[in-house]
Amino acid sequence: MSNRFAHGSFIPSLEGMRALAVLAVLLFHLDLPQVAGGYLGVDLFFVVSGFIITRNLLGDMQQQRFVLREFYVRRFRRLFPALLVTVCVTLAAGAWLMPPLELRDTAVSAFYALFSLANIHFWLQAGYFEAAAHTRPLLHTWSLSVEEQFYLFWPFLLLLLGTQRRRVLWVVVLLAVSLWATVFYRHLAPDAVFYLLPFRVHQLMAGALIALLSLRLSGAGANVATLLGTVGLVAAFVVMGEGHSPAVGAALVSGLGFLLLLGRDGSLAERVFGWAPMQWVGQRSYALYLVHWPIVVLYLFATNFELRAAERVLLLVGSFLAAMVLHEFVEKPFRKRREDVTWAQRHAVSCSLVLLAMTLALASVTLGTRGFEQRSNVVIQAMIDSLPQEQALRRESIRFGVCNLSEEHTFARYDTAACAQAQPGKLNVAVLGDSMGADMYMLLSKAYPHIHFLQATASACPALIGDHGFGKQYPACQSLNEYRFQELLEQDIDLVVLASLSTDKRIPTLQATVAHVQARGTPVMVVGPRAAYRGRVPVLLAREESLARVNERLALHVEPYREVLLGLREALPQVPVVDMYDLQCQPECIAVEEGKLLYLDAIHFTRLGALRMGERFRDRVQLVPATARSEAQH
């Protein structure tokens, strides 16, 4: 019987595809705006992996040499030694470079990564695109856990199905169901769609279907498939950034990766993906993927959380050098070949188990010492440890889950009577926005206790007509947007305050939103871009040795975003636009006051921070022209 699958036979273009995938991810993580969709390189990895693993499994099964234990040993030796070294070195370097709180979080992540549960851990934490991602050096291990979970059920399913017809049927069904679920739930549960295996199965099955049917094109057809797939992927890596759903990108990559695999034997694929530099990168793609993100994150901790062009080049070179070392001295020696002939091959499993024990011990010690917190100033550490309490106080102040919604809520949770009911005889000011709006509600309600504030805010849900936020506008956000720009505005409101994350791209939409509100005869105030710290304030604070002149030092990390403010004022000449940088940083930027935090992260206020900014607001900004009339009534 001929073997259509030929386990282990080398296909050069596959290495080149891996190279394309890892280079996209690497450039994305170096924060290059030209590769805003580079995170989709992970999706290409899944498609290629689905093909390779299925092809190898079917080859062994066809030759009746498949042994489940041998499969898992091969996978363990292929993946875990390099992963163990990466996690261990990251924890050791983190003990030197990372603050205790973030180091503790990394130690927890290490446990999940080593037991192939990182994707579930980070799903529960959520926020791949938040600033906090740059404080998590093991965040990228989520994708490894997805693949490792796939390995647990896929060999069993192929064995159970037995016949070619059943296997093809189930692959098609799994692909279709997973793809449908990905698209359907992209707004309902975007974090689950990003991190969890069921929503990634369609990518793995796209590759598996190619392997199962031995699909391939030849001649001109292969070249056309390669051209379309390559150009499509490069375009996706360039444009699929903010404003595009990662779930839509994942579905797109399933199709484009399918095309690449169809043309894998063509002359164009041989020239593009078989090119020697692409082969070299592809062979080291796993090591490069493992090491690059911890290097970037640890470098950010060691510096100022801002990457300049020269630093990006330095990190790129450093990532390649580290990957070469990991590949040559860990990956290659421990990898299973046909026969274990070297000492490293014969003792790969036992050495890996010893290294696993060492890594788990280091993670345990890190947790037991609370991230080696004895390194920190006692007063500063107490402030950082107060974060959970400060977060709870903020949630209470912004009326989280009642007047401020998030992806975990339905619109039914929004209490229109308590949150958005105007009161006759009072000055009624409606605050509409995302988490910036929630902060403004907290700020204004403390600064003007005699004014009645209506609140319609939701996380990652800008108060903009027709805006889709970060490409994942969720149902509660959509319903809230309809409510706040229709029913809410039908009331007798003296002023609408629009407070959402400001960017140049959103200015035209904001103009339309302002016009919509003004058309109803309601004055509008726009809150300008918030001054933001490069890096979370608690993280920056943890690097300080004392509180002496600490605000002055932390102010060096502030981004003023003045260009966006000027753009807003130019676009809205008749509308008051609040200069938040002036409020936050004149006469000085205050991040800490008498042992208390004024910021939870890089941009959001604590309750005390809102109180202090509210005092500055009251002193410098005329809230509404009608204030004098209203105050006379009081």
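In the block above lies the structure referred to throughout.
Residues numbered from 1 in each chain as written. Predicted model: local features only at pLDDT ≥ 70, side-chain atom pairs only at ≥ 80, totals over all residues. Heavy atoms only, no water.

A. Fine view of the overall build of the chain. Per the secondary structure count, the chain includes 29 helices and 10 strands. Against the 2.2 N^0.38 benchmark of 26 Å for 634 residues, the chain shows a C-alpha radius of gyration of 27 Å, consistent with a compact globule. On the principal axes, the C-alpha backbone points of the chain span a range of 95 × 55 × 40 Å. In the chain, which comprises 634 residues, the proportion classed as buried is 56%. (Helix = DSSP H or I, 4+ residues; strand = E, 2+ residues; numbered from the N terminus. Rg over C-alpha atoms; globule rule 2.2 N^0.38 Å. Buried < 20%, exposed > 50% of the residue type's maximum accessible area, 1.4 Å probe, protein only.)

B. Quick look at the state of the cysteines. Counting across every chain of the model gives three disulfides. Across the disulfide, C461 is cross-linked to C477 (sulfur-sulfur distance 2.1 Å). Between C461 and C477, the S-S dihedral sits near 85°, and the bridge is therefore right-handed. In this pair, C461 is assigned in the loop between strand 3 (452-458) and helix 22 (475-484) and C477 in helix 22, connecting sequence segments 16 residues apart. In this pair, the class of C461 matches that of C477, namely buried. (Disulfide = S-S within 2.5 Å.)

C. How the structure looks around the environment of T366. Within the fold, T366 resides in helix 17 (residues 348-368). The exposure class assigned to T366 is buried, which follows from its relative accessible area of 0%. Considered as a pair, T366 and S406 are 40 residues apart in the sequence and their alpha carbons are 33 Å apart. Of note is the side chain of T366, whose polar atom sits 2.8 Å from the backbone oxygen of L362. (Polar contact = N/O pair within 3.5 Å; in protein donor to acceptor, adjacent residues only side chain to side chain.)

D. Inspection of the packing of aromatic side chains at higher detail. Taken as a whole and assessed by the stated rule, the structure comprises 25 aromatic pairs. Each ring, one from F153 and one from W154, has its centre 6.1 Å from the other, and the planes form 75°; the classification is edge-to-face. You can call W154 buried: its relative accessible area is 1%. One aromatic cluster in this structure is built from F66, F71, Y72, F150, Y151, F153 and W154. Positioned above the aromatic ring of Y151 is the side chain of R75, whose terminal nitrogen or guanidinium carbon lies 5.3 Å from the ring centre. (Phe/Tyr/Trp six-rings, centres within 6.5 Å; stacked < 30°, edge-to-face > 60°. Lys NZ or Arg CZ within 6 Å of the ring centre and 35° of its normal.)

E. Here's a closer look at a nonpolar patch on the surface. Together, Y112, F115, L117, I120, W123 and L124 line one region of the surface with nonpolar side chains, adding up to about 550 Å² of accessible area. Looking at the nonpolar patch, the element that brings in the most residues is helix 5 (residues 118-125), giving three residues. Looking at where Y112 falls in the secondary structure, it is placed in helix 4 (residues 100-114). (Patch = residues over 30% accessible without salt bridge, like charges linked within 9 Å, V, L, I, M, F, W, Y side chains within 5 Å. Areas by Shrake-Rupley, 256 points an atom, 1.4 Å probe, with all protein chains shown as cover. Salt bridge = Lys/Arg side-chain N within 4 Å of Asp/Glu carboxyl O.)

F. Quick peek at the packing of helix 3 (residues 68-97) against helix 15 (residues 309-334). One way to put it is that helix 3 packs onto helix 15 with a least axis distance of 8 Å and a crossing angle of 145°. As for the relative orientation of helix 3 and helix 15, their crossing is right-handed in sense. On helix 15, the residues that touch R77, R78, P81, A82, V85 and T86 of helix 3 are L326, V330, E331 and F334. Looking at the contact of helix 3 with helix 15 residue by residue, the class counts come to six nonpolar, one polar and three charged. (Axes fitted to C-alpha atoms, helices over the stretch in contact; angles between N-to-C directions. Left-handed = near helix turned anticlockwise from the far one by under 90°. Contact = heavy atoms within 4.5 Å. Nonpolar A, V, L, I, M, F, W, Y, C, P; charged D, E, K, R; others polar.)

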